[in-house]
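Next come the chains, spelled out residue by residue.
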Amino acid sequence: MRDAGFVSLVGAGPWDPELLTLAGRDRLARADVVIADYLANPALLMHCRPDTLILQRVRGKHSGPRLAQDEVNRLLVEHAQAGKRVVRLKGGDPMMFGRGAEEAKVLRAAGVDYEFVPGVSSPIAAPEAAGIPITHRSHTPSVSFVSGYEAYEKAGLAVAWKHLANSAGTLVLMMSVKNARTNAAKLVDAGREPSTPAAVVRWGTRGIQQTVVGTLADIADRMDAAQIRPPAVMVVGDVVSLREQLAWLERRPLFGRRVVVTRAARQSGGLLHALAGAGADAVAFPCLEVAAPEPAEREALDAALAPDRLAGLEGVIVSSPNGADALFDALARLNLDARAFAGKLLAAIGTGTAARCQAKGLRPDLIPAKARSEGLIELLRARGLLGGRWLHVRADQGRKLLAEAISEAGGSIELVIGYRTVRPEVPGLLLDSLRPVADGGEGYDAICFASGRTARHFLETTGERFGADAARGFLEQAKIVAIGPVTADALAALDLRVDAVADTPSDAGMVEAVKGLFPKA
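Structure report, in brief. (Residues numbered from 1 in each chain as written. Predicted model: local features only at pLDDT ≥ 70, side-chain atom pairs only at ≥ 80, totals over all residues. Heavy atoms only, no water.)

## Comments concerning the environment of Glu 71
Within the secondary structure, Glu 71 sits in helix H2 (residues 69-81). Put simply, Glu 71 and Gly 343 are 272 residues apart on the chain and 65 Å apart in space, counted from C-alpha to C-alpha. (Helix = DSSP H or I, 4+ residues; strand = E, 2+ residues; numbered from the N terminus.)

## A word on the layout of surface pockets
For the largest pocket, the calculated volume is near 1600 Å³. Lining the largest pocket are 46 residues, with Ser 319, Ser 320, Ala 450, Ser 451 and Thr 487 sitting closest to its centre. Contributing elements (two or more residues each) for the lining of the largest pocket: helix H13 (321-333), helix H14 (351-359), strand E16 (389-395), strand E17 (412-422), helix H18 (452-466) and helix H20 (485-493). Its residues assigned to classes, the lining of the largest pocket shows 17 nonpolar, 19 polar and ten charged. (1 Å grid on protein atoms, 1.4 Å probe; cavity = no way out; pocket = protein on both sides within 12 Å on 5 of 7 lines; lining within 4 Å. Points joined across faces, edges and corners; volume = space filled by probe spheres on them. Nonpolar A, V, L, I, M, F, W, Y, C, P; charged D, E, K, R; others polar.)

## Overview of the nonpolar core
In this structure, Phe 285, Tyr 444, Ile 447, Phe 458 and Leu 475 are the most contacted members of the largest nonpolar core, which totals 23 residues. Every element with two or more residues in this core is listed here: helix H17 (428-432), strand E18 (446-449), H18, helix H19 (468-476), strand E19 (479-482) and H20. Take this core: its biggest share by element is four residues, from H18. (Core = buried A, V, L, I, M, F, W, Y, C linked by side-chain atoms within 4.5 Å. Buried < 20%, exposed > 50% of the residue type's maximum accessible area, 1.4 Å probe, protein only.)

## Quick look at the sheet that holds strand E20 (residues 500-501)
Taken together, the five strands give an open sheet; going across it, the order is E12-E11-E18-E19-E20, and neighbouring strands pair in parallel fashion. Two strands lie at the open edges of the sheet, namely strand E12 (281-284) and E20, each paired on one side alone. As defined by bridge partners, strand E11 (residues 258-261) adjoins E18 across three bridges and the pair is classed as parallel. Each residue of the ladder has a partner; that of Val 259, found in E18, is Ala 446. The strands touched by helix H10 (residues 269-277) within the sheet are E11, E12 and E18, with E12 carrying the most contacts at an inclination of about 165 degrees. (Pairing = 2+ DSSP bridges. Contact = heavy atoms within 4.5 Å. Axes fitted to C-alpha atoms, helices over the stretch in contact; angles between N-to-C directions.)

## Side note on empty space enclosed by the protein
For the structure shown, the criterion picks out two cavities of 30 Å³ or more. Roughly 50 Å³ of internal volume is contained in the largest cavity. Around the largest cavity, the lining residues are Phe 6, Ser 8, Arg 27, Arg 30, Ala 31, Arg 85, Val 86 and Val 87. Counting only elements with at least two residues in the lining of the largest cavity, the list comes to strand E1 (6-11), helix H1 (22-30) and strand E4 (85-90). The leading source of residues in the lining of the largest cavity is E4, at three residues. Here the residues of the lining of the largest cavity are counted per class, giving four nonpolar, one polar and three charged. The space that makes up the second largest cavity amounts to roughly 40 Å³. Looking at the lining of the second largest cavity, the element that brings in the most residues is E12, giving four residues. Partitioning the lining of the second largest cavity into residue classes produces seven nonpolar, two polar and three charged.

Structure below.
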């Protein structure tokens, strides 16, 4: 008998992927089906399993057909009744000017169980990100959240403009770009002073956030001059005057810059967090996914770790954190542990790889200063170890430089594949966001590559969506950052211009390289 389906109506937050709740992340990780709104950051979909069916309510001329609300309702019921765990991913909070309650009524009528998972709501988060407190003991005793969209008035639920105009509290108007001029005039006509401070915040919490400040008398003109487009919220009240003292996001060095991170989804968090901390609009665009080795490759790794095979080794070389995971997973399969390497050397290429080995209980003996094959070759030569017998655990693809150097020195190296790297699927909505602003997307200012393979996968994925020439055209409009000289050479081989190379192959090094491309005035 099939298990009963279930629907989670999840608030995705205002956009910043770090503002997704832990409960929301958990529901996405367990979902069989996700129906996402366009105001939900596509990066959140990286929390889903690879086999999750993702459906999107889209907006924009390139994003495909838009799911009507009736169709969304039908899909929620259909998939839940088929025994699926369904997530309805909604921007902000599902109950704050969303249709969460309407969708829940449909589910209840169909006999489908559901839950609400609250999210950080944009009328609170966006002003806060702009340095505007919606309440303040010295300025206002209350706050009102109001729809700035005429749909409610068409339904016979007219906004009490006179009451709002004469209140002493802050007003936060949602969906108010289209009707900003009309709404400001209604407040003035109802008695609010034309000189009342007002602000509009577009894409609050993002590194490309825009804030326009004025008064009720001129805010619409200022919005037109700044070409403000949805989504945005309008704040009306004396608290707006505090922005000059409290603005913080715009002060960060990479504010206003959209930076793409192409690492595997599960390994991009550190760099995304560091870039966002520097003020960037950090975009998770995974161009690599770690996959299990082929059965024969797994057997070869296990066989290489047999005690009689290890006996004659000088040591083991691990060239990535994923390789370290594969090595220790193999030990566990064989009921072995770090003691199997007693008397052997462990070489780790890169501080990240070394840290992963230490976390597994084994401290590397050799860590080259240059985190690449050339650095390890220099270190082994200096220690008189280049002519030894080595076991190398790595991905299915890599350079032959290390093997050639050891062989030329009279040594030997056995290469075993610990994992494979493949090109992952990328949500269409995330792909379309890379289009230039003039072409209906958000564009990007810089892109970070940690390997030539991620760059090749990026070109393949974007080329399939936009066409090869257009994909390269988008890249030509941005700055390209390589994690190190080996990656820079691989990018050059793909006929890509490299604008900066990180001084150190680390998240901090990548962030500093990006900062160097966009110095603050």
